[in-house]
Amino acid sequence: TYEMQKFMQIRLKYKNDLYTALDKRQLNVRYQPIIDLATGRIVKAEALLRWNHPEDGWISPALFIPIAEECGLINAIGDLVFKEAVCLARRCRDFPLQISVNVSPRQFVSKTIYETWTTYLHENEVPARRMILEITEGTLLDNRPDITKKIFQFLHAGMEIAIDDFGTGYSAMGYLKKFNINYIKVDQSFVNDMVKDSKDLAITEAIIVMASKLGIKVVAEGIETSEQRDLLMAAGCDYGQGYLFHRPLLGEEIESLLKIEKSSQCYS
């Protein structure tokens, strides 16, 4: 059909443009703060990749990340995001800030990802515990020996693991125990309607209770209203992320916010 043909032409165009984008540094990293719901303070931040196309403006990651995976650029792009995140962690060494980065299953297939990332941490004198790797449930369900090995290597090195978009796919309950997962991120599709939909609220509460019993911390994504925040706090959720608190920010803006929080804490 015409629509399919147009879609494929767009994908081909962006596939070619991605090589230029990586070379000319059109890809940028923003950081969305993650809040400790009990204190209201920033304790973590998720690194989010953005592409400012010279002709088409901002391109959605939902479009260009699958293209990067297909054409083999995902490893180079993933390295860029991780290194930027480590640099921010180094600049924020005086604050208890952890940076989370999203890791594609394709990246775990890379033979050098573990050595490259741990070496970069060592060179920048950033403790591994400052980094959180966000993976999907599908990554665990893949059950490939090479992927499993790398996950355990990162955990052994001191990094932490978060399951992103939990509950939207095939929830791998057994793997929560097998891999000693540190965080579950409740998908924003549940958070969006939890005020109006009792079923979404019940699912979210069940995830939080289960995680708590397993010793796993919970991050709720996509919080946009105080009502959502209050329901999550009442359910025992640990951390929150969303526009109610902050939109994705530049690294320098994160640093400024942390300094303001520290200053206000000193005078309180």
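Residues numbered from 1 in each chain as written. Predicted model: local features only at pLDDT ≥ 70, side-chain atom pairs only at ≥ 80, totals over all residues. Heavy atoms only, no water.

1. A look at the overall build of the protein chain
Piece 1. Helix and strand counts for the protein chain come out as 12 helices and nine strands.
Piece 2. Computed over C-alpha atoms, the radius of gyration of the protein chain comes to 19 Å, within 12% of the 18 Å expected from 2.2 N^0.38 for 268 residues, which places it in the range of a compact globule.
Piece 3. For the protein chain, the spread of C-alpha atoms along the principal axes amounts to about 50 × 45 × 40 Å.
Piece 4. Expressed as a percentage of the 268 residues in the protein chain, the buried residues total 46%. (Helix = DSSP H or I, 4+ residues; strand = E, 2+ residues; numbered from the N terminus. Rg over C-alpha atoms; globule rule 2.2 N^0.38 Å. Buried < 20%, exposed > 50% of the residue type's maximum accessible area, 1.4 Å probe, protein only.)

2. Looking at unusual backbone geometry
Piece 1. Non-glycine residue Arg25 carries a positive phi angle of around 55 degrees.
Piece 2. Within the secondary structure, Arg25 is located in the loop between helix H1 (2–23) and strand E1 (27–36).
Piece 3. One non-glycine residue, Asp165, adopts positive backbone phi at about 55 degrees.
Piece 4. If you trace the backbone, Asp165 turns up in strand E6 (residues 160–166).

3. As for the pattern of salt bridges
Piece 1. Across all of its chains, the model carries 11 salt bridges by this definition.
Piece 2. In this structure, the salt-bridge partner of Lys13 is Asp17, at a minimum N-O distance of 2.9 Å. Linking Lys13 with Asp17, this pair stays in helix H1, spanning four residues, or about one helical turn.
Piece 3. Lys217 is paired through a salt bridge with Asp238; the nearest N and O atoms lie 3.9 Å apart. Here Lys217 is found in strand E8 (residues 217–220), whereas its partner Asp238 is found in the loop between helix H11 (226–235) and strand E9 (239–240), with 21 residues between them in sequence.
Piece 4. Through salt bridges with shared partners, a single network forms among Lys13, Asp17, Glu55 and Asp56. (Salt bridge = Lys/Arg side-chain N within 4 Å of Asp/Glu carboxyl O.)

4. Quick look at the side chain of Glu160
Piece 1. With respect to the helices and strands, Glu160 occurs in strand E6.
Piece 2. It turns out Glu160 is buried and unbridged, and the closest side chain with the opposite charge, Lys44, is 5.0 Å from it.
Piece 3. In contact with Glu160, not counting residues within four places along its chain, are Gln98, Met131, Ile132, Leu133, Asn182 and Tyr183. (Lys, Arg positive; Asp, Glu negative; His and termini not counted. Contact = heavy atoms within 4.5 Å.)

5. A look at the nonpolar core
Piece 1. Counting 78 residues, the largest nonpolar core has Ile99 and Met131 as its most contacted members.
Piece 2. Top element by residues in this core is helix H3 (residues 74–91). It accounts for 10 residues.
Piece 3. Apart from the residues lying within four places of it in its own chain, the contact partners of Met131 are Phe82, Ala85, Val86, Ala89, Ile99, Val101, Leu121, Met159 and Glu160.
Piece 4. Among the nonpolar cores identified, the runner-up in size contains seven residues, and Ile34, Tyr183, Val219 and Tyr239 belong to it. (Core = buried A, V, L, I, M, F, W, Y, C linked by side-chain atoms within 4.5 Å.)

6. Structural notes on the environment of Asp238
Piece 1. Of the residues examined, Asp238 reaches a relative accessible area of 22% and is grouped as partly exposed.
Piece 2. Leave out the neighbours within four places in its chain, and Asp238 touches Ile35, Asp36, Leu37, Ile216, Lys217 and Val218.
Piece 3. Separated by 2.9 Å, the side chain of Asp238 and the backbone nitrogen of Val218 make a polar contact. (Polar contact = N/O pair within 3.5 Å; in protein donor to acceptor, adjacent residues only side chain to side chain.)

7. Thoughts on the packing of aromatic side chains
Piece 1. Applying the stated criterion to the full structure yields eight aromatic pairs.
Piece 2. Between Phe108 and Phe154, the ring centres sit 6.3 Å apart and the planes meet at 70 degrees, which makes this aromatic pair edge-to-face. Of this pair, Phe108 sits in helix H4 (residues 105–109) while Phe154 is found in helix H7 (residues 145–157), placing the two residues 46 residues apart along the sequence. Across the pair, exposure class does not vary: Phe108 and Phe154 are buried alike.
Piece 3. Each member of the aromatic cluster is reached from another via a ring pair, and the members are Phe82, Phe108, Tyr114, Trp117 and Phe154.
Piece 4. Looking at Lys44, its charged tip hangs above the ring of Tyr239, at a distance of 4.8 Å from the centre.
Piece 5. Sitting over the face of the ring of Tyr243, Arg247 holds its NZ or CZ atom 4.0 Å from the ring centroid. (Phe/Tyr/Trp six-rings, centres within 6.5 Å; stacked < 30°, edge-to-face > 60°. Lys NZ or Arg CZ within 6 Å of the ring centre and 35° of its normal.)

8. Section: helix H5 (residues 113–123)
Piece 1. All buried positions along H5 are accounted for by Ile113, Tyr114, Trp117, Tyr120 and Leu121. An end-on view of H5 places all buried positions within 145 degrees of arc, on one side of the element. Opposite the packed face of H5, turned more than 90 degrees from it, sit the exposed residues His122 and Glu123.
Piece 2. Tucked inside the fold, the buried residues of H5 contact H3, H4, strand E5 (131–135) and H7.
Piece 3. Residue Glu125 follows H5 closely and has a positive phi angle near 55 degrees. (Arc of directions from axis to C-beta.)

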